[in-house]
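Each chain, written out:
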Amino acid sequence: MLQIGVIGAGRIGQVHIRGICSGVPHAHIRGIAAPHITETVEALANNAGAEVLTQDFRALLRDPKIDAVLICSPTDTHADISVEALAAGKHVFCEKPVDLGLVKIQTVIDAVEASGLKYQVGFNRRFDHNFQALRRTVADGRIGQVHMVKICSRDSEPPTARFIPSSGGLFLDMSVHDLDMARYLSGSEVDEVYAAGSVLADEAIGRAGDVDTAAILLKLRSGALALIDNSRQAVYGYDQRAEVFGSLGCVSIGNDAPSTAVLSTAAGVTAEKPLWFFLERYLPAFQEEVRQFIDAIENDYPVPVGIQDAREATLLAMACARSAREGRPVSMAEFR
């Protein structure tokens, strides 16, 4: 039974705490660190059987009984806590992004390489049952040579404008998942990006200096193309679809819904809307990524999503932001 410390008990930290308690049998949450210990956090800690509840995350790093930590704190703390945790001899699972800047990411890469410890990054969509089925189909060669990848990713509702400055913007906060998916689904790296963005859903996001709607075209090293469309607001629910088209066929995945029931009457044909938000859609994926992190530690396997994957996705997001800002295609050679 691996002893886990969770650093950060906001929304994503609470998702992981609940997910571990309900679906990660080889892990026990020994400690939780949160700057504000609310009644909700106390209840979560009690339900998890956590022996330590503290406002000081370093108390978890000093605890010799803790084998690994999950970093679920604000983005601007991820890199520094990662380095401290590795220096303390803890395996690390870090929510994305590791950092919004390449210098800080490199400090974590150096620390990972020096430590010899496991370091996994939380790109949870790789662990979703739909995307995994799509990837297996492509990897098995059942659609032949990949020609085109299409990814649709639309949030059900936009974040508050005050979230924008700390998020890094749509490309680094939201599109980064889809950029990682383009690499994952195609099995290819990216050579060039072209991105464009608009403010169509929430003017407050525009006033904060960001966009809420974007389209991205990727030229893959394999010769294939990838198309990504993003929106911060899909009024019908959380819209997550993908398609890979190849020389022998095509494979696609749709949205998860509360049920697959379809009502057909003289008035029309109706089905249920997609699940409302990522918490509903991806809870099993959050559990699976932690299960595989635990498995990598216990059996000394490579982690399924490492620090270099995080760096590559961040580079692609930065290239998209530059492309949208400057109105031109951006070669990834500009970042090498």
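Conventions adopted
- Residues numbered from 1 in each chain as written.
- Predicted model: local features only at pLDDT ≥ 70, side-chain atom pairs only at ≥ 80, totals over all residues.
- Heavy atoms only, no water.
- Axes fitted to C-alpha atoms, helices over the stretch in contact; angles between N-to-C directions.
- Helix = DSSP H or I, 4+ residues; strand = E, 2+ residues; numbered from the N terminus.
- Parallel < 35°, antiparallel > 145°, perpendicular 65-115°, else oblique.
- Left-handed = near helix turned anticlockwise from the far one by under 90°.
- Contact = heavy atoms within 4.5 Å.
- Pairing = 2+ DSSP bridges.
- Salt bridge = Lys/Arg side-chain N within 4 Å of Asp/Glu carboxyl O.
- Buried < 20%, exposed > 50% of the residue type's maximum accessible area, 1.4 Å probe, protein only.

1. Focus on the packing of helix α8 (residues 170-186) against helix α11 (residues 307-326)
- Contact geometry for α8 and α11: axes closest at 8 Å, N-to-C directions at 120°. Here α8 is positioned oblique relative to α11, judged by the angle of their axes. Judged by the twist between their axes, the crossing of α8 over α11 is right-handed. The residues of α11 that touch α8, namely those facing Phe171, Leu172, Val176, Leu179, Asp180 and Arg183, are Asp309, Glu312, Ala313, Thr314, Leu316, Ala317, Met318, Cys320, Ala321 and Ala324.

2. Observations regarding the pairing of strand β10 (residues 225-231)
- Pairing analysis gives seven bridges linking strand β7 (residues 146-154) to β10, with the strands arranged parallel. Opposite arginine 154, over in β10, you have serine 231 as the bridge partner.
- Alignment of strand β9 (residues 213-220) against β10, held across seven bridges, turns out to be antiparallel. Residue pairing in the sheet places alanine 215 in a bridge with aspartate 229 of β10.
- Hairpin connection from β9 to β10: four residues lie between these consecutive antiparallel strands, with glycine 223 at a positive phi of about 105°.

3. Topic: the pattern of salt bridges
- Considering all chains together, one arrives at 26 salt bridges under this definition.
- The salt bridge involving arginine 62 is made with aspartate 56; its shortest N-O contact spans 3.5 Å.
- Between arginine 154 and aspartate 229 there is a salt bridge, with the nearest N and O atoms lying 2.9 Å from each other. Here arginine 154, found in strand β7, pairs with aspartate 229, found in strand β10; they are 75 residues apart in sequence, far enough to count as distant.
- Judged by its relative accessible area of 27%, aspartate 229 falls in the partly exposed class.
- What emerges from the salt-bridge pattern is a single network uniting Arg126, Asp180, Arg183, Glu189 and Asp309.

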